[in-house]
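Here's the letter readout for the chains.
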Amino acid sequence: MDGAVIHAFRRLLVVCTALLVVACNSGDRSRGAFAEIPPTVPPPAAESRFQALVQRTEFGIPHVTAEDWAGLGYGLGFAYAEDNYCLLMREILFASGQSSRYLGDAGNEQSDLLYTLLNGDEDALTAEWYEPQPDRVKELVNGYVAGYNRYFRDTGAENLSEGDEGCRNADWVREITVTDLMKFLKKVSLQGSSDNGTIRRIITDVQAPTTTASAQSRQSPPQLAPMFTNMHDPSASGSNAIAVGRDYSQTGSGLLLGNPHQPWQGTGQFYLMHLTIPGEYDAMGASLHGIPVVAIGFNKDIAWTHTVSFANRLTLYELQLNPDNPMQYEYDGEMRDIGAETVSIERLNPDGSISTVSQTFYSSHFGLLVDLSSQSPLIGGWPIALSGTVFTVRDANLDNNMGLSQWIRAGQASSMAEFQTALQDIAFPWVHTLAADRNGNAFYGDISSIPHVDQAKLDDCVSGPLAPVVTAVTNSLIIALDGTRSACEWGADGDTPEGRNVFGYSSLPKITTTEYVANSNNSYWLSKADEPITGLPIIMGALGGENEQQFLRTRITHQMVAERMAGTDGISTTPGFDLDNLKTLMYSNRVLGAEIALDDVLAACPFTGAGLSTDVLLRANQACSILSSWNRRVDLDSAGAQVFTEFWRELKRDFDPAGNLEIENQQLWTVDFDANNPINTPSGFDLAESDNYQRIATALSTGILNLEQANVDPTAPFGDTQFAQRNNDRIPIHGGLDDMGVFGVIKGGLSDGGYQSINGGNSYIQAVTWDDTDCPLAEGVLVPSQSNDPASDHFSDQTQLYSDKQWIAFPFCTDAIDAQLISTTELEE
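Residues numbered from 1 in each chain as written. Predicted model: local features only at pLDDT ≥ 70, side-chain atom pairs only at ≥ 80, totals over all residues. Heavy atoms only, no water.

### Some remarks on a negative patch on the surface
A contiguous patch of negative charge on the surface is contributed by D121, D123, E128 and E341. By secondary structure assignment, the location of D121 is in the loop between helix 4 (109-119) and helix 5 (122-130). (Patch = residues over 30% accessible without salt bridge, like charges linked within 9 Å, V, L, I, M, F, W, Y side chains within 5 Å. Areas by Shrake-Rupley, 256 points an atom, 1.4 Å probe, with all protein chains shown as cover. Salt bridge = Lys/Arg side-chain N within 4 Å of Asp/Glu carboxyl O. Lys, Arg positive; Asp, Glu negative; His and termini not counted. Charge placed at Lys NZ, Arg CZ, Asp CG, Glu CD. Helix = DSSP H or I, 4+ residues; strand = E, 2+ residues; numbered from the N terminus.)

### Topic: the environment of Q207
Following the sequence through the fold, Q207 ends up in the loop between helix 8 (197-204) and helix 9 (215-219). Residues Q207 and L369, spaced 162 residues apart in sequence, show a C-alpha to C-alpha distance of 8.8 Å.

### Quick word on the pattern of salt bridges
In the structure shown here, the tally under the stated rule is 40 salt bridges. A salt bridge links R174 to D180, with the shortest nitrogen-to-oxygen separation between them at 2.8 Å. With relative accessibility at 5%, the residue D180 sits in the buried group. The salt bridge involving D530 is made with K528; its shortest N-O contact spans 2.8 Å. Classification of K528 by relative accessible area gives buried; the value is 0%. Through salt bridges with shared partners, a single network forms among R49, R153, E175 and E829. (Buried < 20%, exposed > 50% of the residue type's maximum accessible area, 1.4 Å probe, protein only.)

### Points about the packing of aromatic side chains
In total, this model carries 27 aromatic pairs according to the counting rule given. Residues F78 and Y151 carry aromatic rings whose centres are separated by 6.0 Å and whose planes lie at 80° to one another, so their mutual orientation is edge-to-face. Separated by 73 residues along the polypeptide, F78 in helix 2 (residues 69-95) and Y151 in helix 6 (residues 135-155) bring together distant segments of the chain. We classify F78 as buried; its relative accessible area is 4%. Ring centres of Y85 and Y148 lie 4.6 Å apart, and the angle between their planes is 20°; this geometry places the pair in the stacked category. A residue pair is termed long-range when its members are at least 10 positions apart, and Y85 in helix 2 and Y148 in helix 6 qualify at 63 residues. When sorted by exposure, Y85 lands in the same class as Y148, which is buried. Members of the aromatic cluster, connected to one another through ring pairs, are W630, F644, F647, W648, W669 and F685. Sitting over the ring of F795, R726 keeps its end group 5.6 Å from the ring centre. Note that R730 overlies the ring of F723, its terminal NZ or CZ placed 3.9 Å from the centroid. (Phe/Tyr/Trp six-rings, centres within 6.5 Å; stacked < 30°, edge-to-face > 60°. Lys NZ or Arg CZ within 6 Å of the ring centre and 35° of its normal.)

### Some points on the side chain of D282
When you line up the elements, D282 lands in strand 6 (residues 281-288). Here the side chain of D282 touches H274 through a polar contact of 2.8 Å, side chain to side chain. A distance of 2.7 Å separates the side chain of D282 from the side chain of T276, its partner in a polar contact. (Polar contact = N/O pair within 3.5 Å; in protein donor to acceptor, adjacent residues only side chain to side chain.)

### Some remarks on the pairing of strand 6
Counting buried residues in strand 6 gives eight out of eight residues, a clear majority hidden from the surface. Pairing between strand 5 (residues 270-277) and strand 6: eight bridges, direction antiparallel. Counted as the bridge partner of T276 is D282 from strand 6. Alignment of strand 6 against strand 7 (residues 296-298), held across three bridges, turns out to be antiparallel. Bridge pairing links A286 to I296 in strand 7. (Pairing = 2+ DSSP bridges.)

### Points about the pairing of strand 2 (residues 61-65)
With five of five residues buried, strand 2 is to be regarded as a mostly interior element. Burial of the side chains of strand 2 extends over both faces: I61, H63 and T65 are buried on one face and P62 and V64 on the other. Relative to strand 2, strand 1 (residues 51-57) is paired through five bridges, and the arrangement is antiparallel. In the sheet register, R56 faces strand 2, and the bridge partner there is P62. Between strand 1 and strand 2, which follow one another and run antiparallel, lie three residues, and F59 among them has a positive phi close to 70°. Bridging between strand 2 and strand 5 involves three bridges; their strand directions are parallel. Among the inter-strand pairings, H63 is bridged to a residue of strand 5, identified as H274.

### Quick notes on helix 16 (residues 579-586)
With six of eight residues buried, helix 16 lies mostly within the body of the structure. Summarising the contacts, the buried residues of helix 16 are in contact with strand 3 (238-244), strand 4 (255-263), helix 15 (552-566), strand 26 (754-762), strand 27 (764-769) and strand 28 (777-782). Where helix 16 begins, the side chain of D578 points an oxygen toward the backbone nitrogen of D580, at a separation of 3.2 Å. (Contact = heavy atoms within 4.5 Å.)

### Notes on the packing of helix 2 against helix 4
Contact geometry for helix 2 and helix 4: axes closest at 8 Å, N-to-C directions at 75°. Taken together, the axis directions place helix 2 and helix 4 in an arrangement best described as roughly perpendicular. Here L93, F94 and A95 of helix 2 come into contact with helix 4, specifically with S111, D112, Y115 and N119. A per-class count over the contact of helix 2 with helix 4 returns four nonpolar, two polar and one charged. (Axes fitted to C-alpha atoms, helices over the stretch in contact; angles between N-to-C directions. Parallel < 35°, antiparallel > 145°, perpendicular 65-115°, else oblique. Nonpolar A, V, L, I, M, F, W, Y, C, P; charged D, E, K, R; others polar.)

### Quick look at the nonpolar core
Y85, F607 and F685 are the most contacted members of the largest nonpolar core, which totals 221 residues. With 18 residues, helix 2 is the largest single contributor of residues to this core. By size, the runner-up hydrophobic cluster in this structure holds 25 residues, among which are I203, V357, V370 and L466. (Core = buried A, V, L, I, M, F, W, Y, C linked by side-chain atoms within 4.5 Å.)

### Here we look at the side chain of N259
Tracing the backbone shows N259 in strand 4. Exposure remark for N259: the relative accessible area of 0% places this residue in the buried category. There is a polar contact of 2.9 Å between the side chain of N259 and the side chain of N240. Engagement of the side chain of N259 in a polar contact is seen with the side chain of N762, the distance being 3.0 Å. Residues contacting N259, with those up to four places away along its chain left out, are S239, N240, M586, F743, G744, N762, Y764 and I765.

### Focus on the sheet that holds strand 8 (residues 302-308)
In spatial order, the strands read 19-17-16-8-7-6-5-2-1-30; together these 10 strands make up an open sheet with mixed pairing. Every interior strand has two partners, whereas the edge strands, strand 19 (510-513) and strand 30 (821-828), have only one. Pairs of neighbouring strands in the sheet enclose a mean axial angle of 15°, with direction left out of account.

### Structural notes on the confidence of the model for the protein chain
Across the protein chain, pLDDT averages 91, with 90% of residues at or above 70. Within the model, the stretch residues 1-45 combines pLDDT values under 50 with 94 contacts to residues more than four positions away or in other chains. Predicted confidence for residues 377-385 stays below pLDDT 50, and this span has 31 contacts to residues more than four positions away or in other chains. (pLDDT = per-residue confidence, 0-100.)

### Regarding the state of the cysteines
Counted according to the given criterion, the structure contains four disulfides. Bridging C461 to C488, the disulfide has an S-S length of 2.1 Å. When the S-S torsion is -90°, as for the bridge of C461 with C488, the disulfide is left-handed. Of this pair, C461 sits in helix 13 (residues 455-461) while C488 is found in the loop between strand 18 (480-482) and strand 19, placing the two residues 27 residues apart along the sequence. Residue classification places C461 among the buried residues on the basis of a relative accessible area of 0%. Through a disulfide, C605 is tied to C624; the S-S separation comes to 1.9 Å. (Disulfide = S-S within 2.5 Å.)

Set out below in structure tokens:
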């Protein structure tokens, strides 16, 4: 069936359904349709505002079809609430500053204070985040809220889900408003900036400005402490992506592998969906929970994905205080007042009583004042008191309110050129974007919200008493500018979106190619390994930036592409990509850390002497014995992978005490990092260095000890030690730590019995290509599964599928949907 027929048929399903429809949720495969109202004729007052058809296919995937955006949102809101009502409702508490009031210690007081400040004025929020939206976005969110509320009314608080993330009979469940949803969407856009835990902390730690040092700061000498070490941690929210063009494809069509790494709990998870307005929008894929549009996915012509970008989303400004009035600061030779606003939240105490917590926030015209002393004494009270300065923060995403509109446009694109045009609103808040199309084009771009601070301005404005120190000690992960001069304000390009001071599309890093591009959370620099992007300001990517050491995961991504093109990867001797070998690559579970260093470790075995205790030597040599027969992968049958996992953890703690993302201490490596060979260096462990010999032996020993203390057999198959507990089922999970060079990341904490507290990693995985039909060839899996309700049939089914290294053939066209159909729900309100 060709595409035009498919779309016409699906439209017929909607516009011909009987007017009186009810939610049936049965296994009935019949499809009704809605009587169509001509768009030029106002509907009668009694007509429904929202109509949608929700068809669920295997694994609980909702396919929502409607004749307008309001109906589409309505169907999706209802379907999402069926699976995960409590997750979004709980997150709305946080976005509204009410988590401490209802959740007590499980809430977050700092977050509540900040979001009471940022979201507390609902009129202002509506004016800034809702009213500017295109009509279709307004219709979509109104429909989504109505569908979500419809589920709540139909179900009742007493029948909501239970379990760790349930909310049955909770006193905080209710119908939500569009304003509630906009609060949540604003919070999501700030995840890479003001809602980051470190930034949130320095905002809420702030005290009234003063030019007098405290007694404690006068007595404490300055010292360099680790600062913002966890701010840019892709282990929590990272990703991989490979986009293949026709020159690297065996079929001539493009291919895309999307592999975002997200939490397995909360609204940071993905939710699978297929949304259709016949003739206007037809996209399938996933979004973070609560986002009512496909954010990563595909249509009949193009597929796209995102990886988390660690480009700067904010800058600090150093303000020179008025020595006679610390509530003023100098700007262009004049004094400006510092604003103050006090907010209050309620907190549920352990005894059931309610107390009030208040916080005064201070602000300049740039933004909120911050206190860096909790992050580094060097930047904290002692030298700030001497310098008479304070810091304030400006966040590029505070006014970035067009994300939904841009994702809709991306999903409507029918060519790479249209897709690139859709990106020019610069509304994706904190992600790289990679895409491929059926014509064999591949694209990479960090087309995201980055403060417009070009290199000339960086050279001029990273100045003042402490701004250069802040910038230096964070390796430019935080950039601090001179706040005394208007010349240091953010700039704009000719194509910067109106009213925003971010880089425009023309200035941002991007590549269009017919070969390949890839990204694994490092900067733009090596998104195509043989064509580095260079000469851009460091604000666009300090983490793994130009001529900097790359993540092991970045390196193995590019190595796997090169080996596939050479036919030397063991998958096939035929060079180039097709859908099957792209899927095999995804589940290969290689460990680059072992590939580049384990031979050196084993060559030093058995460890002897060198001042090491008998116990250390016994355990180190036990590790040697196990690792000598390990297959250097993190598959379910990879006996000994747990030993290398714990060894690598200990090695990083020793050689990287500041908690950086790679072991950059070149003392460890035989071949140091070489900017001219970044995909293959550093490599090898230098055990000829006696200090390295002792430290590696100790790390091996401690790794074995960690497993002993957790009652984990170091010789067991890895699948016996790493698993997800779903009700009474223990599902073995393959994959491993990103910092030891595993492409398919799984983050699990070691506890009694194994790695059973999996908190994130592989989430929504999609592999997409095309043939000569209108139906894309798309397969994937949502690793944590579709529902967080333990009573749902879709609480663990995809988790088991992932464990078995299987994939869902995503049903995009009508025939495929019919073949996998498990239920039909017709909705009207």
